[in-house]
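Each chain is listed here by its residues.
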Amino acid sequence: MDQSRIRNFCIIAHIDHGKSTLADRLLETTGTVSKRDMSEQLLDSMDLEREKGITIKAAAARMSYTASDGVEYELNLIDTPGHVDFAYEVSRSLAACEGALLVVDASQGIEAQTLANVYLAMNQDLKLIPVLNKIDLPHAEPERVASELQRVIGFDPDEIILASAKEGTGVPEILEALVERIPPPKGDKDGPLRALIFDSKYDPYKGVVAHVRVFEGHMAGRKNMLLMQTGAVFEPLEFGTFSPAMRPLPALDCGEVGYVATGLKDVAECRVGDTITMAAAPAHEPLPGYRQAKPMVFAGIYPTDSDQYQELREALARLVLNDASLVYEPESSVALGFGFRCGFLGLLHLEIVGERLEREYGLSLLTTAPSVEYHVQTTAGEEVQVDNPADLPDPSKIAVISEPWAKIDVITPSRYIGQVMELVTTRRGQFVRMEFLEAESDLSPGEARVLLEYEVPMAEILVDFYDQLKGSTSGYASLDYQLTDYRPARLVKVDILVNGVPVDALSLITHSSNADREGRLLVSKLKDLIPRQMFDVPIQAAVGGKIISRETIRAMRKNVLAKCYGGDISRKRKLLEKQAEGKKKMKRVGNVEIPQEAFMAVLRLRDG
Amino acid sequence: MQPLAVYVHIPFCTVKCGYCDFNAYSGMDNLKEAYGAALVAEVHANASLLSGRTIASIGFGGGTPGEVPAAHIGAVVAAIGQHARLDPAAEVTLEANPGTLDRPQLEALRAAGVTRLSIGAQSFHADELRFLDRIHSPQATAAAVGLARKAGFESIGLDLIYGLPGQALDAWIGSLGTAIGLAPDHISIYALTVEDGTPLARRVRKGEVTPLDPDAVADLYEAATDRLAAAGYLQYELSNWARPGHHSRHNMVYWTDGEYLAIGAGAHGYLGGERYQNIAHPRAYIAAVEERAPAPHPGRESAYRPGAVTAMADWFSLRLRLLEGFHEPEFEARFGLPLRKVGGVVLDDCASAGVLELAPGVRLTRAGRLLHGEVSARFLARLQNTLAATG
């Protein structure tokens, strides 16, 4: 296709603001997928997902559209992950486009993550097409949201398209705007090949399939290609595009979006953001913006039943085939036995991985409390990275501990500023700035939306910050965060001893000013979570060998059936079987049986 | 061949108590005659199972077996005696409600072959009896014990319930003391249990009744243990005490893996390694017996053969209910596996917690008697983890 007739775009939207519906509508209106096939296709891919244990979704789609000028255009829609955990992936998807549809719910207004993505898109000089969606809803306020978009992002009023993806309203205008407003891809079609990888999937027959945007040159033939960042070389097996299913093509031209089957066995060799070029005639330099996705959140994953260790290992090995951002290595815990220390992009990523392991591989898992990575400088002058509280060196050997900090953006109606401020302060956060996104004078008091920017230690927002933020703003606030730097802090490890035995999987790292309070809370939570045993069980919290809190779980007194005669044996056995089931779910630490919830107690310290 | 026990269920009650989840019905007196006939027919139908066996005990439970005409009881005993050898020293024990016992009835029961009475005293406080929906008074219990003695029963037991909502230690020990004062041969004490589906469970759910805290129930049990020992009663099972020689031979069968034949609606049996259950509803039971007899087990509803894990867990758990416990070789002789191998760390844990003794025999310690469920559940969980494949 001639470059001048290609348009590459993505959709930026908050969850539930209607991205998928709009994408479906575009595919339908352009005749890429018939309405009937739409649902069939969805079902097929879900079956496949279940069968193969990999995610296959419409990550990109090529549409053919004849515009009002009578010319046929090639529209390439690139799907973007919708969560802040995947900010880097989002930035690479954006980099593959010249423009973006900014879809905002006409009843909700713009949210923090959307705004963050808008800034990302603006930094990359993408042409933005603002779409106010869901104007059919009775509580839609298109004028108000439109004026917010004008004020915050600087759109002209006549740029904004009013739409209802559900009802198809505004879809023709959107298609025309894509053609008219988004510039065609630039780039030298005769230059050396440079193609950006914006996603990759593992296919058991074709190896790693890289989703690419060709920036310069073109892709064809069977000559070896080179991945400029990882240095991997492969012989291309197949080129093609998405409609949205994979459709082979003889070549991908300059400016086009599609895929190349690499035959590579490891997604780690074919990372998002890398540049593909010809091995024999490589480009001078790779496309900009590459970085290796770095895990931010770490947690131990253990099989509840130690017999499942081998199965867990195999499941993780298969999972990383498709997920280069997941890292793991074997780990053992005194309390939990053998498992894996895993690194994730964020909490959602952790949750997804855990759920897939359990659902797709039938494993029963125990996940330890998530931790950030601390940088520890020892008195011997060494630099160690610690992502598991259990591994923190003895306090006497620590010179400095540094922890990761994040910049967070919160968007909220101004009446909640006080609550947000208070929440962030209790999390050791520091205020940076505040900006009104709407003029207060136009609205009733407290209504105007405001952007608050803070700096906060990552560890403080890791677990329940988002829930608390939502809770203290009646659900109105939205959040975006970004790792900024490492800063020294007075951090200590709180050890937990159960029946006198330190339980590594229960220890936590916290700021020294919080250690007493959190130690006390954790001990009292554990007292409630660990059932009474056959003997008294002391629960202690200690910092550097000094006990800071102690409670005792009294021995159980009574667990017996009052009577058991002939007719009771079968009936009462059920009660015993139920108890036995409960016991099997416990982890035995020393001679104390600890339920799984206890290992997550450290996550709930803020409730009480 | 080991002796056989027979359990006979009588499902009739004048009033069904609010805590009771047994197979018992009130307002079905018109069925009593047909039911008595069905019991006898069931015994005859099971002639082949009885033949050649020695019957060491017959237990009549309910419901309220003391309430049906003594002739029905006598007919069942006689029918059993037609097909099996009734041990001259056999225990024929019957559960009775003090409210429905008078002198003629007691004499008739004795003449029918009943040797032992288990009288449901439950409490000696009128308010507690009302709470439990019992139809009798404390005085009626005292009178019944006296009449039973005169009627010549060899062994008389009293059953008590403790751990009632709000029950204070002295109220409980008061009842127990009154019971001891009547000098029964046997005393059973049962903690009140809120069973699913009972009127009591509904009252608890609605918040009308707050069950006593389990730790307080434990205190009542400990106090009773001391009081009964001081009065010369020997504990032989978690809930049972007796004067020397007066433990219930019939009930011992259940705890020692003995075989028992089931007769009557909802009765459970254990025969040839199989556990089975009769049809629960009296009317349906009668109809089934009329239809199927003389084929064996005409009242049967269902049966199953416990797998290895279940059988071992049952054996272990039932034997541990006895204070004497058991000796390790008995377990190995029964199942072909050493107990230590099967129980592993569970036995050591329980022993080190002071709950279980492993030598010279395996038995619960005094502290462990209230933790029988804990020990059993741990043992079962371990069996399921290590032997699950064998069933």
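Residues numbered from 1 in each chain as written. Chains lettered and ligands numbered in written order. Predicted model: local features only at pLDDT ≥ 70, side-chain atom pairs only at ≥ 80, totals over all residues. Heavy atoms only, no water.

Peer 1: In this structure, what is going on with the overall build of chain B? I would like to understand it.
Peer 2: Within chain B, the secondary structure is distributed over 15 helices and 14 strands. Here chain B holds 391 residues, and the buried ones make up 58% of them. Partitioning the contacts of chain B with sequence separation of at least 6, the portion at a separation of at least 24 is 71%. Summed over its atoms, the accessible surface of chain B is roughly 14600 Å², and 54% of this surface lies on carbon and sulfur atoms. Charge-centre separation for chain B: the mean point of 33 positive side chains lies 2 Å from the mean point of 41 negative side chains. (Helix = DSSP H or I, 4+ residues; strand = E, 2+ residues; numbered from the N terminus. Buried < 20%, exposed > 50% of the residue type's maximum accessible area, 1.4 Å probe, protein only. Contact = heavy atoms within 4.5 Å. Areas by Shrake-Rupley, 256 points an atom, 1.4 Å probe, with all protein chains shown as cover. Lys, Arg positive; Asp, Glu negative; His and termini not counted. Charge placed at Lys NZ, Arg CZ, Asp CG, Glu CD.)

Peer 1: Any chance you could explain helix α9 (residues 214-230) of chain B here in plain terms?
Peer 2: Residues spaced three or four apart along an α-helix point in a common direction, a consequence of the helix completing one turn every 3.6 residues. Residues and elements named next belong to chain B. Under the 1.5 Å per step criterion, the end-to-end length of α9 is 24 Å for 17 residues, consistent within 8% with the ideal 24 Å. Restricting attention to buried positions, one finds in α9 the residues V217, A218, L220, Y221, A223, A224, T225 and L228. Where α9 is buried, its residues contact β5 (155-162), α7 (169-181), β6 (186-191), β7 (234-237) and β8 (240-242). Downstream of α9 by one or two residues, G232 has phi in the positive range, about 90°. (Expected span 1.5 Å × (residues − 1).)

Peer 1: Explain the interface of chain A and chain B to me, please; I cannot follow it from the model alone.
Peer 2: Buried accessible area, meaning the area lost when the parts come together, often serves as the stated size of an interface. The interface of chain A with chain B comprises 32 residues on the first partner and 45 residues on the second. Regarding the contact of chain A and chain B, the summed buried area is about 3500 Å², with carbon and sulfur atoms giving 55% of it. Per-residue buried area on chain A facing chain B is highest for M534(A), R557(A) and Y565(A); these three make up 22% of the total on that side. Counting across the interface, chain A meets chain B through 8 salt bridges. Linking chain A with chain B are 23 residue pairs in polar contact (both at pLDDT 80 or more), by the criterion used here. In terms of residue count, the dominant contributor to the side of chain A that touches chain B is helix α13 (residues 568-584) of chain A (13 residues). Residue composition of the side of chain A that touches chain B, grouped by class: 11 nonpolar, 7 polar and 14 charged. (Buried area = accessible area lost by both parts, 1.4 Å probe. Salt bridge = Lys/Arg side-chain N within 4 Å of Asp/Glu carboxyl O. Polar contact = N/O pair within 3.5 Å; in protein donor to acceptor, adjacent residues only side chain to side chain. Nonpolar A, V, L, I, M, F, W, Y, C, P; charged D, E, K, R; others polar.)

Peer 1: I tried to follow the side chain of T198(B) on my own but got confused; where do I start?
Peer 2: Residue and element names in this part refer to chain B. Secondary-structure assignment places T198 in the loop between β6 and α8 (199-206). Engagement of the side chain of T198 in a polar contact is seen with the backbone oxygen of E195, the distance being 2.7 Å. With near-sequence residues (within four places) excluded, T198 lies in contact with G18, Y19, C20 and D21.

Peer 1: What is the right way to look at the pattern of salt bridges in this model?
Peer 2: Where side chains of opposite charge bring their charged atoms close, a pairing between them can arise. Residues and elements named next belong to chain A. The tally for this structure, following the rule as stated, stands at 63 salt bridges over all chains. We note a salt bridge from E28 to R25, for which the minimum N-O separation is 3.0 Å. Of this pair, E28 and R25 both sit in helix α1 (residues 19-29), 3 residues apart, which is roughly one turn of that helix. Across the pair E235 and R222 runs a salt bridge whose closest N-O atoms are separated by 3.3 Å. Residue E235 is found in the loop between β11 (233-234) and β12 (238-242), and its partner R222 is found in the loop between β9 (219-220) and β10 (225-227); the two are separated by 13 residues along the sequence.

Peer 1: How should the packing of helix α12 (residues 308-321) of chain B against helix α13 (residues 328-335) of chain B be read in this particular structure?
Peer 2: A pair of packed helices is captured by two measures, namely the crossing angle of their axes and the spacing between those axes. Residues and elements named next belong to chain B. Contact geometry for α12 and α13: axes closest at 11 Å, N-to-C directions at 155°. Relative to α13, the element α12 is oriented roughly antiparallel. As α12 packs across α13, the resulting crossing turns out to be right-handed. Side by side, α12 and α13 meet where A311, M312, W315 and R319 of the first sit next to E330, F331, R334 and F335 of the second. Its residues assigned to classes, the contact of α12 with α13 comprises 5 nonpolar, no polar and 3 charged. (Axes fitted to C-alpha atoms, helices over the stretch in contact; angles between N-to-C directions. Parallel < 35°, antiparallel > 145°, perpendicular 65-115°, else oblique. Left-handed = near helix turned anticlockwise from the far one by under 90°.)

Peer 1: It is not clear to me how the sheet that holds strand β2 (residues 60-66) of chain A should be interpreted in this structure. Could you clarify?
Peer 2: Strand pairing in a sheet relies on backbone hydrogen bonds, with the paired strands running either antiparallel or parallel. Residues and elements named next belong to chain A. Taken in spatial order, the 6 strands make up an open sheet running β2-β3-β1-β4-β5-β6, and their pairing is mixed. Of all the strands in the sheet, the pair left with one neighbour each is β2 and β6 (161-162). Relative to strand β3 (residues 72-78), β2 is paired through 7 bridges, and the arrangement is antiparallel. If you follow T66 over to β3, its bridge partner there is E72. Set on the sheet, helix α4 (residues 112-123) makes contact with β1 (6-13), β4 (99-105) and β5 (127-133); between it and β1 the angle comes to about 155°. Here helix α5 (residues 142-153) sits on the sheet in contact with β4, β5 and β6, set at roughly 160° to β5. (Pairing = 2+ DSSP bridges.)

Peer 1: I keep staring at the packing of aromatic side chains and nothing clicks. Help me out?
Peer 2: Working definition: an aromatic ring pair is given by the centre-to-centre distance plus the angle between the planes. Following the criterion strictly, the structure yields 24 aromatic pairs over all chains and no others. Measuring from ring centre to ring centre gives 5.7 Å for Y328(A) and F340(A), while their planes differ by 75°; the resulting arrangement is edge-to-face. Taken as a pair, Y328(A) in strand β18 (residues 327-333) and F340(A) in strand β19 (residues 337-344) lie far apart in primary sequence, 12 residues in all. Arranged with centres 6.3 Å apart and planes meeting at 65°, the rings of Y236(B) and W255(B) form a pair that is edge-to-face. Note that Y236(B) is positioned in strand β7 and W255(B) in helix α10 (residues 249-255), a separation of 19 residues in sequence. Taken as a pair, Y236(B) and W255(B) share a single burial class, namely buried. In this structure an aromatic cluster arises from ring pairing among Y565(A), Y190(B), Y236(B), Y254(B), W255(B), Y260(B) and Y270(B). Sitting above the plane of the F215(A) ring, R213(A) keeps its charged end 4.1 Å from the centroid. The positively charged end of R415(A) is found above the aromatic ring belonging to Y476(A), 5.3 Å away from the centroid. (Phe/Tyr/Trp six-rings, centres within 6.5 Å; stacked < 30°, edge-to-face > 60°. Lys NZ or Arg CZ within 6 Å of the ring centre and 35° of its normal.)

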